[in-house]
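Structure at a glance
This is what each chain is made of:
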Amino acid sequence: YSRDFDPVGIPRIRSQGRKGPEAGYGSARWLDRLRADPRGRYTSDGDPDVISFPAKDRDRLKATWRSQAQPY
């Protein structure tokens, strides 16, 4: 719903440990990254009819989604 959203930029997270040729794509690395920066986490509110988000990010919402906005 963000103006800056890039659907092609979503990384695929694999179930993998911290070592190996593709460890950078592994779940162990991503879990460490999310632990270090909790702001990067996303938690759904469970209601598909509204878009819930922190009020401080109101200006990042695409105008076409404003009718479904539920800032908190």
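Residues numbered from 1 in each chain as written. Predicted model: local features only at pLDDT ≥ 70, side-chain atom pairs only at ≥ 80, totals over all residues. Heavy atoms only, no water.

Turning next to the overall build of the protein. Check the secondary structure of the protein and you find one helix and two strands. Against the 2.2 N^0.38 benchmark of 11 Å for 72 residues, the protein shows a C-alpha radius of gyration of 16 Å, more extended than a compact globule. Viewed in the frame of its principal axes, the protein has a C-alpha envelope of about 45 × 25 × 20 Å. Relative to its full complement of 72 residues, the protein shows a buried share of 11%. (Helix = DSSP H or I, 4+ residues; strand = E, 2+ residues; numbered from the N terminus. Rg over C-alpha atoms; globule rule 2.2 N^0.38 Å. Buried < 20%, exposed > 50% of the residue type's maximum accessible area, 1.4 Å probe, protein only.)

Right, let's talk about the confidence of the model for the protein for a bit. Summary statistics for the protein give a mean pLDDT of 87 and a share of 100% for residues scoring 70 or more. Of all helices and strands in the protein, the one with the weakest mean pLDDT is helix α1 (residues 27-36) (88), whereas strand β2 (residues 69-71) scores best (93). (pLDDT = per-residue confidence, 0-100.)

This next bit is on the layout of surface pockets. If you add up the space inside the largest pocket, you get close to 1,400 Å³. In terms of lining residues, the largest pocket is bounded by 33 residues, among which Arg39, Gly40, Arg41, Tyr42 and Arg60 are the most central. Elements supplying a minimum of two residues to the lining of the largest pocket: α1 and β1 (51-53). In the lining of the largest pocket, the residues fall into 15 nonpolar, seven polar and 11 charged. (1 Å grid on protein atoms, 1.4 Å probe; cavity = no way out; pocket = protein on both sides within 12 Å on 5 of 7 lines; lining within 4 Å. Points joined across faces, edges and corners; volume = space filled by probe spheres on them. Nonpolar A, V, L, I, M, F, W, Y, C, P; charged D, E, K, R; others polar.)

What follows concerns the pattern of salt bridges. Following the criterion strictly, the structure yields four salt bridges and no others. One salt bridge in this structure joins Asp32 and Arg18, with 2.9 Å as the shortest N-O distance. One end of the pair, Asp32, is in helix α1; the other, Arg18, is in the segment before α1, with 14 residues separating them in the sequence. Across the pair Lys56 and Asp57 runs a salt bridge, and its minimum N-O distance is 3.3 Å. Residue classification places Lys56 among the exposed positions, given a relative accessible area of 67%. (Salt bridge = Lys/Arg side-chain N within 4 Å of Asp/Glu carboxyl O.)

Another point: the packing of aromatic side chains. All told, the structure shown has one aromatic pair when counted by the stated rule. Pairing Tyr1 with Trp65 gives two aromatic rings, centres 4.7 Å apart and planes at 85°, and the pair type is edge-to-face. A residue pair is termed long-range when its members are at least 10 positions apart, and Tyr1 in the segment before α1 and Trp65 in the loop between β1 and β2 qualify at 64 residues. For Tyr1, a relative accessible area of 48% corresponds to the partly exposed category. (Phe/Tyr/Trp six-rings, centres within 6.5 Å; stacked < 30°, edge-to-face > 60°.)

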